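Commentary on secondary and tertiary structure
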Amino acid sequence: MAVAPVVRFAPSPTGLLHVGNIRAALFNWLFARRQGGSFILRLDDTDRARSRPEFEEAIERDLKWLGLDWDRKERQSDRLARYDAARDRLVASGRLYPCYETPEELEFKRKRLLSQGRPPVYDRAALKLDEAARRQLEGEGRRPHWRFKLAAEEVRWDDLVRGPQHVDEASQSDPVLVRADGSYLYSFTSVVDDIDLAITHVIRGEDHVTNSGAQIQMFRALDAPAPVLAHLPLLVDAAGGGLSKRTGALSMGELRERGVEPLAIMALLARLGTADPVEPVTSLQPLIDAIDFARVGRAAARFSEEELAHLSARTLHAMPYDLMRARLPTGVTEALWLAVRGNLASLDDVKTWIAVVQGPIAPEIEDADFLAEAATSLPAEPWDEMTWKTWTAGLGRKGRALFHPLRLALTGRDKGPEMARLLPLIGRDKAAARLRGEAA
Ligand code: GLU
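To start, this report covers the structure provided alongside it. (Residues numbered from 1 in each chain as written. Predicted model: local features only at pLDDT ≥ 70, side-chain atom pairs only at ≥ 80, totals over all residues. Heavy atoms only, no water.)

This brings us to the site of the ligand. Neighbouring residues of the ligand: Arg8, Ala10, Ser12, Asp44, Tyr186, Ser190, Arg204 and His208. Interatomic distance of 2.9 Å between a side-chain N/O atom of Arg204 and an oxygen atom of the ligand. Its free accessible area being 300 Å², the ligand has 79% of it covered by the protein chains. Among the residues forming the shell around the ligand, the class breakdown is two nonpolar, three polar and three charged. (Near = heavy atom within 4 Å. Polar contact = N/O pair within 3.5 Å; in protein donor to acceptor, adjacent residues only side chain to side chain. Areas by Shrake-Rupley, 256 points an atom, 1.4 Å probe, with all protein chains shown as cover. Nonpolar A, V, L, I, M, F, W, Y, C, P; charged D, E, K, R; others polar.)

In structure tokens form, the structure reads like this:
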């Protein structure tokens, strides 16, 4: 039997979630739910200076708002002893070595190589230092940072999105895994966590592709199999620019404030960059059922705020009453919801239509005589959706000349939901008063 997948979404609590990282969260979550696996929320908070509890809270609040629940939560700051142990193993096996160059020295080396037309790859000078030389440097007060010794090989993997990949590690600098202050770099802690938490699939943004070759070597150096990798193409804005620069504008908090429906965000992000049409959904289930990495294209996916706003409105238009009930102001009946949902750009607009139905509103009178006449021919209650048709058929006018003054008087606006549905909700007393020009 195949093992149930274990995936993780690993944001750093150094900022707010934006559509780019939410897309990674969504694909991980959909994949876990589709395969009966588990979804771990891992907070990459080893950068103590920039990590903040309020960002951690915001991340959790945003994920909950979007309906992405997690089966387990881990914090990297709780796992430092595990990183220390893995570090010691790599040092013992000769794969992690101390380096003493200052940033200025490294920059100098880099510039020299570039001026010679050579790739700026770290020259491994520190590997040639003997014990005495190292002791002398430390005696001068230098503290080492530690690099992972890459094996000179072509690392290959079959990416679920990008297909067969290869990175020539012989042309890469040995990555620094431990800083001079002893803190760890993300690429290393992530591998240790992925091993400990038995992560089967790493689903993340394309910006991490270049890390993957070195990380696969780290898995092997720690005697663990590398997970399956899936790198999602980056999102770009309409002009083709990166989204990350605009994170503020596109944070989940900002979208929530604007009244964007969370299911619209999910439906758009699940389909962007695939050949499948973007359609509104009323639950996450259809997105779970449809997840397929093979359908994600390799080109950057274009994210448009207009498309999201439009999809958000269409999401509301499709929402059944039962799924909305808890979010509606009290007093919104099913009939009212069904009458007005098709006219909402955001849920907040429902208030406008509650006010129109419940009144009092100031009617707009276009043709007082006609309206007063129409008021006298209003049928007796009970009213239903046929009432509008029967009533207006007897008013002796057609088309705009008939409907426009009625709508203006009855709702105070020239556009809105179908009058056949609104009229029974407004009721006879208020309808009659409004037709006579009275606020009701
Ligand atoms: N903390 C990393 C990030 O936010 C996680 C990348 C990964 O999924 O490996 O980019």
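Here the narrative resumes, following the displayed structure.
Taken together, three strands build an open sheet; the order of strands is 1-2-3 and the sheet is parallel. Each edge of the sheet is formed by a strand with only one pairing partner; in this case those strands are strand 1 (6-9) and strand 3 (72-75). Ignoring strand direction, the axes of neighbouring strands in this sheet form an average angle of 30°. Strand direction decides the pairing type here: strand 1 and strand 2 (residues 38-43), joined by four bridges, are parallel. Each bridged residue has a counterpart across the sheet, and for Arg8 the counterpart in strand 2 is Ile40. The strands touched by helix 1 (residues 19-35) within the sheet are strand 1 and strand 2, with strand 1 carrying the most contacts at an inclination of about 160°. (Pairing = 2+ DSSP bridges. Helix = DSSP H or I, 4+ residues; strand = E, 2+ residues; numbered from the N terminus. Axes fitted to C-alpha atoms, helices over the stretch in contact; angles between N-to-C directions. Contact = heavy atoms within 4.5 Å.)

A few words on the nonpolar core. Ranked by internal contacts, the top residues of the largest apolar core, which has 88 residues, are Leu63, Trp337, Trp391 and Leu406. By residue number, the principal contributor to this core is helix 1, which donates 10 residues. In contact with Leu63, other than residues within four places in its own chain, are Phe9, Leu17, Ile22, Ala25, Leu41, Leu68 and Trp70. Listed in part, the 18 residues of the second largest apolar core include Leu96, Tyr184, Phe188 and Ala221. (Core = buried A, V, L, I, M, F, W, Y, C linked by side-chain atoms within 4.5 Å. Buried < 20%, exposed > 50% of the residue type's maximum accessible area, 1.4 Å probe, protein only.)

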